[in-house]
There are 2 protein chains.
Amino acid sequence: MALSNVAERTTSTDLIFDSLYERIVSLELLPGTKISETEVAKSLGYSRQPVREAFTRLANLNLLLIRPQRATLVRPFSLELIADARFMRLAIELEVVRQAAAIPVPGAVKKLRSSIKAQREAVNTGDTQAFHDLDYEFHKLMCEAAGRPAAFQIISENKAQVDRLCVLSLTSPETMETLFADHVAILEAMMDHNALRAEEVLRQHLSRLDPVIDAIYTTHRAYFEH
Amino acid sequence: MALSNVAERTTSTDLIFDSLYERIVSLELLPGTKISETEVAKSLGYSRQPVREAFTRLANLNLLLIRPQRATLVRPFSLELIADARFMRLAIELEVVRQAAAIPVPGAVKKLRSSIKAQREAVNTGDTQAFHDLDYEFHKLMCEAAGRPAAFQIISENKAQVDRLCVLSLTSPETMETLFADHVAILEAMMDHNALRAEEVLRQHLSRLDPVIDAIYTTHRAYFEH
DNA sequence: ACGCCAAAACTTGTATACTAGTCAACCTGA
DNA sequence: TCAGGTTGACTAGTATACAAGTTTTGGCGT
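The structure presented is a predicted model; accordingly, all values stated were derived computationally and were not measured.

### A closer look at the overall build of chain A
- Secondary structure summary: chain A contains ten helices and two strands in total.
- When the helices and strands of chain A are listed from N to C terminus, the series reads α-α-α-β-β-α-α-α-α-α-α-α.
- Relative to the 2.2 N^0.38 estimate, which gives 17 Å for 226 residues, the radius of gyration of chain A is 19 Å and therefore close to what a compact globule would have.
- Principal axes of the C-alpha set define a box for chain A whose edges measure 55 × 45 × 30 Å.
- The buried share of chain A, taken over its 226 residues, is 46%.
- Taking contacts inside chain A between residues at least 6 apart in sequence as the whole, the part at least 24 apart equals 72%.
- By element, 53% of the accessible surface of chain A is carried by carbon and sulfur atoms, the whole surface being about 11,100 Å².

### Section: the protein's contact with DNA strand C
- Taken together, 25 residues lie near DNA strand C, and Ser12 and Ser47 of chain A together with Arg48, Arg52 and Gln69 of chain B sit nearest.
- Within the contact set of DNA strand C, a phosphate oxygen lies 2.4 Å away from a side-chain nitrogen or oxygen of Ser12 of chain A.
- Here a base oxygen of DNA strand C and a side-chain polar atom of Gln69 of chain B are 3.0 Å apart.
- Among the secondary structure elements, those contributing two or more residues to the surface near DNA strand C are α1 (12-25) and α3 (48-60) of chain A together with α2 (37-44), α3 (48-60) and β3 (71-74) of chain B.
- Here the residues of the surface near DNA strand C sort into five nonpolar, eleven polar and nine charged.

### Concerning the packing of aromatic side chains
- In this structure the tally under the stated criterion is eight aromatic pairs over all chains.
- Judged by centre distance (5.0 Å) and plane angle (85 degrees), the ring pair of Tyr136 of chain B and Phe152 of chain B falls under edge-to-face. Here the residue Tyr136 of chain B occupies a position in helix α6 (residues 128-145), and Phe152 of chain B occupies one in helix α7 (residues 149-166), the gap between them amounting to 16 residues.
- Classification of Tyr136 of chain B as partly exposed rests on a relative accessible area of 30%.
- Accessibility expressed as a relative area gives 5% for Phe152 of chain B, which makes it buried.
- Chaining the aromatic ring pairs together yields one cluster made of Phe77, Tyr217 and Phe224 of chain A.
- Residue placement shows Arg57 of chain A over the ring face of Phe17 of chain A; its charged tip is 5.4 Å from the ring centre.
- In this structure, Arg221 of chain A packs its charged tip against the face of Tyr217 of chain A, placed 4.3 Å from the ring centre.

### Regarding the sheet that holds strand β1 (residues 34-35) of chain B
Residue and element names in this part refer to chain B.
- What the three strands build is an open sheet, ordered β1-β3-β2; its pairing is antiparallel. Two strands in the sheet have a free side with no partner beyond their single neighbour: β1 and β2 (64-67).
- Two strands pair when backbone bridges link them, and β2 and β3 are joined in this way by four bridges, in the antiparallel orientation. From the neighbouring strand, Leu65 faces β3, where its bridge partner is Leu73.

### Side note on the side chain of Thr13 of chain A
- Within the secondary structure layout, Thr13 of chain A lies in helix α1.
- Not counting residues within four places of it along the chain, the set of residues in contact with Thr13 of chain A comprises Pro50, Glu53, Ala54 and Arg57 of chain A.

### Brief notes about the domain arrangement of chain A
Residues and elements named next belong to chain A.
- Looking at the assigned domains, one finds that chain A contains domain 1 (12-74) and domain 2 (79-223).
- A separation of 28 Å is found between the C-alpha centroids of domain 1 and domain 2.
- Taken residue by residue, the interface counts eleven residues in domain 1 and eight residues in domain 2.
- Buried area between domain 1 and domain 2, summed over both chains or domains, comes out near 920 Å², and the portion from carbon and sulfur atoms is 65%.
- Broken down residue by residue, the surface that domain 1 buries against domain 2 is led by Leu27, Pro31 and Asn62, which jointly contribute 45%.
- Our count for the contact surface shared by domain 1 and domain 2 stands at zero salt bridges.
- In this assembly, domain 1 and domain 2 are joined by two residue pairs in polar contact (both at pLDDT 80 or more).
- Of all the elements, α1 adds the most residues to the side of domain 1 that touches domain 2, at three residues.
- Here the side of domain 1 that touches domain 2 is built from residues that sort into nine nonpolar, two polar and no charged.

### A word on the packing of helix α8 (residues 173-191) of chain A against helix α9 (residues 195-207) of chain A
All names here are of chain A.
- The interhelical angle for the contact between α8 and α9, taken along N-to-C directions, is 160 degrees, at an axis separation of 8 Å. On the basis of the axis angle, α8 is roughly antiparallel to α9. Considering only the axes of α8 and α9, their crossing is left-handed. Between α8 and α9, the contacting residues are Leu179, Asp182, His183, Ala185, Ile186 and Ala189 on the first element and Arg197, Ala198, Val201, Leu202 and His205 on the second.

### A short note on helix α1 (residues 12-25) of chain B
All names here are of chain B.
- The end-to-end C-alpha distance of α1 is 20 Å, a good match for the 20 Å that 14 residues give at a rise of 1.5 Å each.
- Looking only at α1, the buried set comprises Thr13, Asp14, Ile16, Phe17, Leu20, Tyr21, Ile24 and Val25. Considered in projection along α1, the buried side chains sweep an arc of 165 degrees and stay on one side of the axis.
- Where α1 is buried, its residues touch β1, α2, α3, β2, β3 and α7.

### Points about the relation of the copies chain B and chain A
- By a simple turn and slide, chain B fits onto chain A: the slide is 0.0 Å along the axis, the RMSD is 0.0 Å, and the turn is 180 degrees. The symmetry that links the two subunits is that of a two-fold axis. Residue Ala91 of chain B of chain B places its C-alpha closer to the rotation axis than any other residue of that unit, at 2.7 Å.
- The overlap is high: 100% of the interface residues of chain B also sit at the interface in chain A, so the same surface is used on both sides.

Criteria and cut-off values
- Residues numbered from 1 in each chain as written.
- Chains lettered and ligands numbered in written order.
- Predicted model: local features only at pLDDT ≥ 70, side-chain atom pairs only at ≥ 80, totals over all residues.
- Heavy atoms only, no water.
- Helix = DSSP H or I, 4+ residues; strand = E, 2+ residues; numbered from the N terminus.
- Rg over C-alpha atoms; globule rule 2.2 N^0.38 Å.
- Buried < 20%, exposed > 50% of the residue type's maximum accessible area, 1.4 Å probe, protein only.
- Contact = heavy atoms within 4.5 Å.
- Areas by Shrake-Rupley, 256 points an atom, 1.4 Å probe, with all protein chains shown as cover.
- Near = heavy atom within 4 Å.
- Polar contact = N/O pair within 3.5 Å; in protein donor to acceptor, adjacent residues only side chain to side chain.
- Nonpolar A, V, L, I, M, F, W, Y, C, P; charged D, E, K, R; others polar.
- Phe/Tyr/Trp six-rings, centres within 6.5 Å; stacked < 30°, edge-to-face > 60°.
- Lys NZ or Arg CZ within 6 Å of the ring centre and 35° of its normal.
- Pairing = 2+ DSSP bridges.
- Domains from an automatic or database assignment.
- Buried area = accessible area lost by both parts, 1.4 Å probe.
- Salt bridge = Lys/Arg side-chain N within 4 Å of Asp/Glu carboxyl O.
- Axes fitted to C-alpha atoms, helices over the stretch in contact; angles between N-to-C directions.
- Parallel < 35°, antiparallel > 145°, perpendicular 65-115°, else oblique.
- Left-handed = near helix turned anticlockwise from the far one by under 90°.
- Expected span 1.5 Å × (residues − 1).
- Arc of directions from axis to C-beta.
- Least-squares fit on C-alpha atoms with pLDDT ≥ 70 in both.

Shown next, in the form of structure tokens:
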């Protein structure tokens, strides 16, 4: 995952962070679960210190909620936080596609095209997992095409907040086809240097999660705040 | 300053963080300065532990550069990091003004108007410090007007990267007037629900730093990476 | 004088002990 | 039976000791 900034060396903290991150985003650790520094330290075979630092990082990503002297929880879903995260992602990605449409970085279009090809494959075979991975990569490539690879780190951090929620909803073949069509349209607009069109499609693309989130809110309210 | 997420209690770490943050952004601690956990701990009268956590936070904001087993530096300026930070701010603030222009939060316009009034006062009296503070507040109010107060936290984090650089350049009365005029224009466009115009002015507003940064790069290259 | 090597004086990473605050269960009294 | 207070078992925050790695420095040999 390597969310760490400039990992000049892999520390225990990094390993613990990655392990917990995975488990939280995959919902192996459910929202609201109490999680203790001591317990994690014991179970992973480290001391409290690196666990503590990993906790701090995860809390900064709004994945843990540290209540001093009380307990630390896997942060419950929050409509507010989710809305903020989605806003941030939308804002950044809009500017990304605008700049990518204006002056795409040389070579980027080729990579995007080949990603599209792989996506088509995944759609045809109905391989949702592969499509999910390719989706991740596509948006990353888009940032690179805009000359702002660092932007993807922020997008990714905000995605996490939403991704762990979407684990609760199945990706149907139809959804996959729709998302794929969006990607194609975005790339086409970008290659036409049509920033406005790219913007428009991207907005629609990201808003497709609206009903999904609403649905999960009604079916899994126990995992939400309050 | 209170950059901490949900400060339910003020800890030593918080105090140390705030202290260092202030000193770094004000350039009391120059880029490239070596800074040691032990030294800071001794000088502030704490143990290494909370200092260490404060270091971690500052490193996440790209204000410190921790080189394991080697040393920790006040992070030198980096054109790359500055460009990324400015991109992020631009992206977020563009969407902010768009949404504020579309459906401003009730009551927000009034606050913005009164901020403008105070800014005019500062411009007339030539009080650059007051104007700087009001500028900070204006952009914060804009986020509130868009219904996304959390967005300002991100903007603020990215501003820090640039602000400590701009300490090196004097704010002339002419600059102040220009920035003020921009603010007025943004608010007017917003009140007219003219998102495109607001966007346009904002882009120009934020790009006014271009020559300032270029100038500092030539005059203070020693503070930059490499 | 110069180059190399070794040791000492740093650095941050990790482990552990201790402090202080919070909560829940249980006991005591009515 | 129930209300209230005390106690103990948690929690995270802090201090300190130790480990592991890097840099600097100084001395030795050439």
